[in-house]
Amino acid sequence: MSKAEKEIFDAAPWHGKTKQYDFIKEGVIAVVVVALIVTFFSFLMGSPDDKPLTFKGWAVSNSDNFYATTVQELAGTSGTATYGAPYNKNGQGLNIGPLWLQRWAGVTRPIDTVNDFVIAPLSTQVMSTDIANAVSTWNAAPVSQQKTWATSYDDAITKVEGKISAVATGAYGPVPALAQGLTDMAKAGALDAALLSQGGFFQTDNTKQILFFGDGSYLDDAGTAANLQGGTWGMMNETGRYPGQAWLWLYSFWYQIPPFTNENSKPIGANADAYIMAIMGVMSLGLILIPIIPGIKTLPMRIPIHRGIWSEYYKSQGIKRSKRR
Amino acid sequence: MSEMWTAQLRKKWQKNLPIEKLLPDDQPAYVASWIYVFGVLTLSALAIIIASGIVLAFEGPAWYHYSSVGKFVNSTHFWSVQLFFVFMVIHLWGKFWMAAWRGNRMATWMTGAVAFVASIATAFTGYLVQTNFDSQWISFEAKDGFNSVGVGAWFTVTNLGQMLLLHVAFLPLILGVITVVHVLMVRKRGVVPPIDADATNTEVRS
Ligand code: HEM
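Everything numeric in this text was worked out from a predicted model, so none of it was measured. (Residues numbered from 1 in each chain as written. Chains lettered and ligands numbered in written order. Predicted model: local features only at pLDDT ≥ 70, side-chain atom pairs only at ≥ 80, totals over all residues. Heavy atoms only, no water.)

Caption draft 1: Inspection of a positive patch on the surface at higher detail. All names here are of chain B. Side chains of Lys12, Lys15, Lys21 and Lys188 sit close together on the surface and give a patch of like positive charge. By the secondary structure assignment, Lys12 is in helix α1 (residues 5-16). Judged by relative accessible area, Lys12 falls into the exposed class, the value being 58%. (Patch = residues over 30% accessible without salt bridge, like charges linked within 9 Å, V, L, I, M, F, W, Y side chains within 5 Å. Areas by Shrake-Rupley, 256 points an atom, 1.4 Å probe, with all protein chains shown as cover. Salt bridge = Lys/Arg side-chain N within 4 Å of Asp/Glu carboxyl O. Lys, Arg positive; Asp, Glu negative; His and termini not counted. Charge placed at Lys NZ, Arg CZ, Asp CG, Glu CD. Helix = DSSP H or I, 4+ residues; strand = E, 2+ residues; numbered from the N terminus. Buried < 20%, exposed > 50% of the residue type's maximum accessible area, 1.4 Å probe, protein only.)

Caption draft 2: Examining the coordination of the iron atom of the ligand more closely. Residues and elements named next belong to chain B. Here the iron atom of the ligand is held by His91 (NE2) and His182 (NE2), and the distances to it run 2.0 Å. Given six donor atoms and angles of 84 to 179° at the metal, the environment of the iron atom of the ligand is assigned as octahedral. Residue His91 is found in helix α5 (residues 68-97), and its partner His182 is found in helix α8 (residues 160-189); the two are separated by 91 residues along the sequence. The exposure class of His182 is buried, given its relative accessible area of 16%. (Donors = N, O, S within 2.8 Å, 3.2 Å for Na, K, Ca; no water. Tetrahedral: all angles 85-135°; square planar, octahedral: opposite > 155°, others 65-115°.)

Caption draft 3: Structural context of the site of the ligand. Residues and elements named next belong to chain B. Around the ligand sit 24 residues in total, of which Tyr36, His91, Lys95, Gly112 and His182 are the nearest. One of the side-chain nitrogen or oxygen atoms of His91 is found 2.7 Å away from a nitrogen atom of the ligand. Separating a nitrogen atom of the ligand from a side-chain N or O atom of His182 is a distance of 2.8 Å. Mapped by element, the contributors of at least two residues to the shell around the ligand are α3 (37-59), α5, α6 (106-128) and α8. Per-element accounting of the shell around the ligand gives the leading share, six residues, to α6. Its residues assigned to classes, the shell around the ligand shows 14 nonpolar, eight polar and two charged. (Near = heavy atom within 4 Å. Polar contact = N/O pair within 3.5 Å; in protein donor to acceptor, adjacent residues only side chain to side chain. Nonpolar A, V, L, I, M, F, W, Y, C, P; charged D, E, K, R; others polar.)

Caption draft 4: Up close: the environment of Val192 of chain B. Within the secondary structure, Val192 of chain B is located in the loop between α8 and α9 (202-205). Accessibility expressed as a relative area gives 5% for Val192 of chain B, which makes it buried. For Val192 of chain B and Arg105 of chain B, which are 87 residues apart along the polypeptide, the C-alpha to C-alpha distance reads 8.0 Å. Here Val192 of chain B is in contact with Trp310 of chain A together with Tyr30, Tyr36, Ala100, Arg102 and Arg105 of chain B, once residues within four sequence places are set aside. (Contact = heavy atoms within 4.5 Å.)

Caption draft 5: Just α8 of chain B, in detail. Between its first and last C-alpha atoms α8 of chain B spans 42 Å; for 30 residues at 1.5 Å apiece the expected length is 44 Å, and the two agree. In α8 of chain B, a bend of some 45° at Leu166 of chain B exceeds every other bend along the element. Regarding α8 of chain B, the residues found buried are Gly161, Met163, Leu166, His167, Leu171, Leu175, Ile178, Thr179, His182, Met185 and Arg187 of chain B. Residues of α8 of chain B that are buried make contact with α2 (23-45) of chain A together with α2 (19-22), β1 (26-28), α3, α5 and α6 of chain B. Its side-chain oxygen at 3.1 Å from the backbone nitrogen of Gly161 of chain B, Asn159 of chain B defines the N-terminal cap of α8 of chain B. Where α8 of chain B terminates, the next one or two residues include Gly190 of chain B, which has phi positive at roughly 80°. (Expected span 1.5 Å × (residues − 1). Bend = angle between axes of the 7 residues up to and from the residue.)

Caption draft 6: Inspection of the nonpolar core at higher detail. By size, the foremost hydrophobic cluster in this structure holds 134 residues, and its most contacted members are Phe55, Phe66, Trp138, Tyr153, Leu191, Phe212 and Trp310 of chain A. Ranked by residue count, the leading element in this core is α5 of chain B, at eleven residues. With residues up to four places along the chain from it excluded, the contact list for Phe66 of chain A reads Phe55, Trp58, Ala59, Leu182, Thr183, Ala186, Leu191 and Phe212 of chain A. (Core = buried A, V, L, I, M, F, W, Y, C linked by side-chain atoms within 4.5 Å.)

Caption draft 7: Summary view of the packing of aromatic side chains. Residue and element names in this part refer to chain A. Evaluation of the coordinates by the stated rule reveals 40 aromatic pairs over all chains. Summarising the aromatic geometry, the rings of Phe117 and Phe212 are spaced 4.9 Å apart at their centres and angled 5° between planes, so their arrangement reads as stacked. Of this pair, Phe117 sits in helix α6 (residues 113-123) while Phe212 sits in helix α11 (residues 207-215), and the two are 95 residues apart along the sequence. An angle of 40° between the planes, with centres 4.6 Å apart, marks the rings of Tyr153 and Tyr172 as tilted. Placement of the pair is Tyr153 in helix α8 (residues 143-159) and Tyr172 in the loop between α8 and α9 (175-187), with a sequence separation of 19 residues. Of the two residues examined, Tyr153 and Tyr172, each falls in the buried class. Feature note: the residues Phe55, Trp58, Phe66, Phe117, Phe212, Phe213 and Tyr218 constitute an aromatic cluster, connected by ring pairs. (Phe/Tyr/Trp six-rings, centres within 6.5 Å; stacked < 30°, edge-to-face > 60°.)

Caption draft 8: Geometry of the interface of chain B and chain A. Listed as interface residues are 97 residues of chain B and, on the opposing side, 102 residues of chain A. Note on chain B versus chain A: buried area summed over both sides is about 8900 Å², and carbon and sulfur give 67% of it. For the pair chain B and chain A, the interface holds one salt bridge. The closest approach of N and O atoms between Asp10 of chain A and Arg102 of chain B, which form a salt bridge, is 3.1 Å. The tally of links between chain B and chain A comes to 39 residue pairs in polar contact (both at pLDDT 80 or more). Among the elements of the structure, β1, α3, α4 (63-66), α5, α6, α7 (133-148), α8 and α9 of chain B are those that each provide at least two residues to the side of chain B that touches chain A. If you tally residues by element for the side of chain B that touches chain A, the top one is α5 of chain B, at 17 residues. Its residues assigned to classes, the side of chain B that touches chain A comprises 55 nonpolar, 29 polar and 13 charged. Bridging between strand β1 (residues 18-20) of chain A and β1 of chain B involves three bridges; their strand directions are antiparallel. Each residue of the ladder has a partner; that of Thr18 of chain A, found in β1 of chain B, is Pro28 of chain B. (Buried area = accessible area lost by both parts, 1.4 Å probe. Pairing = 2+ DSSP bridges.)

In structure tokens:
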């Protein structure tokens, strides 16, 4: 049989030997068996459910870090403030060679860290005179003045490695009062909802909360503690003793090897997220197209695992050597 | 002579997928391996995922945090997903080593592979709507990947409402439709013959 004839043979209805086969019985048994296994694991192991972190937890357990992060939001130096698209225009975003997809997609979820993260949440509260004054001083000042205050305070905090009580006095304007105000608000547990509720009654978008959270060290530390960091295969892990998204192993794999591990290597390491997305896109397409990829589509003919799968057939036919390669 | 569209469709359907092909009571003798069970197991796990997911949807995303019944249903949802992937990956490898795309079955492979990718997307959004620490973490980490290629401008992993809708409505619908098409294609074409089967084999002649 030529290749073409074999293809026609494979496509034609089977005229050889058949046997009884009960699909419905097979299906019912399969559902029952799977249901039993699932029930077994559900009773034995349950499912993961670590409580979400809160701003209260952050501000209480590491108030200096929360405070310093607030100052960064005001100074425009936080991760979110310098991110670029889709949140703002303060960063170029990643690129794959000449493709600046991130920037081209534009700012679709605008976030202004100063107002959205600090001023607006504070303004939802009944403020003490100090803080009310600080907010009005800030609002009345020109942007350049706001920047100068916040940046010099941010620098001063960096100089003493985030230890707020050790920061030297200086011309920081209302910034310390604003940061203290927001820290107190967070400690009281009022910030989570204030970040969410901007813009109205019904709210379903947690973007602002998540981004603000990620700007500090609280979320990151918790991720490290739970062994969830991307650089250590965290993408595949769950909290506790549960399996995670193990099927992301190949995606996660790239983050473990150079040049993707080196953020400073250009062009790939610095743009690892974008390159890995592109690689995975191409590989997914490759999986779909396996039947037409030369070299790969013939692999199953060359490596005789099929003899095991159809062992009865090969035995009954006395096929010793494969004719198809 | 131009025929009615309805009649055309019926005839085409009857020709390609008569009930005897859809629900046969026999199969070629070579269908004798454990590997054939994994497609059905994948399907069974999917059925349990959908059933438990419907219960969860009726109670809302916060239910399992405080109710022990909720926790149990959530656990069945979680574990059936884990099994689903195990079964599907074994199924995928099996079909690969059988070169099961032979004989005009390429579209069967392709719909399967698309189902695999769609399953990953569905599971991923599921992890995002757990409304627990893990979903906080995953949404913060994952946003960078999607943002970096521009997709994040519309697919906002930090937007719980969007992820919840995609996870319980859009993605399962897509996955469900692909799966049905996939299985119907298998029924229409019949199970692929062994790699070395040809008309000279005794089994064929007999
Ligand atoms: C939602 C996930 C999937 C379900 C529910 C599913 C279900 C099934 C079922 C019930 C069968 C027939 C029984 C069998 O041969 O096992 C089948 C056949 C097949 N599946 Fe899947 N499948 C899924 C995913 C995949 C994937 C990821 C691939 C590969 C990329 C794939 C490739 C195939 C092929 C090529 C056949 C035809 C086998 C033949 O003609 O002998 N499937 N599938």
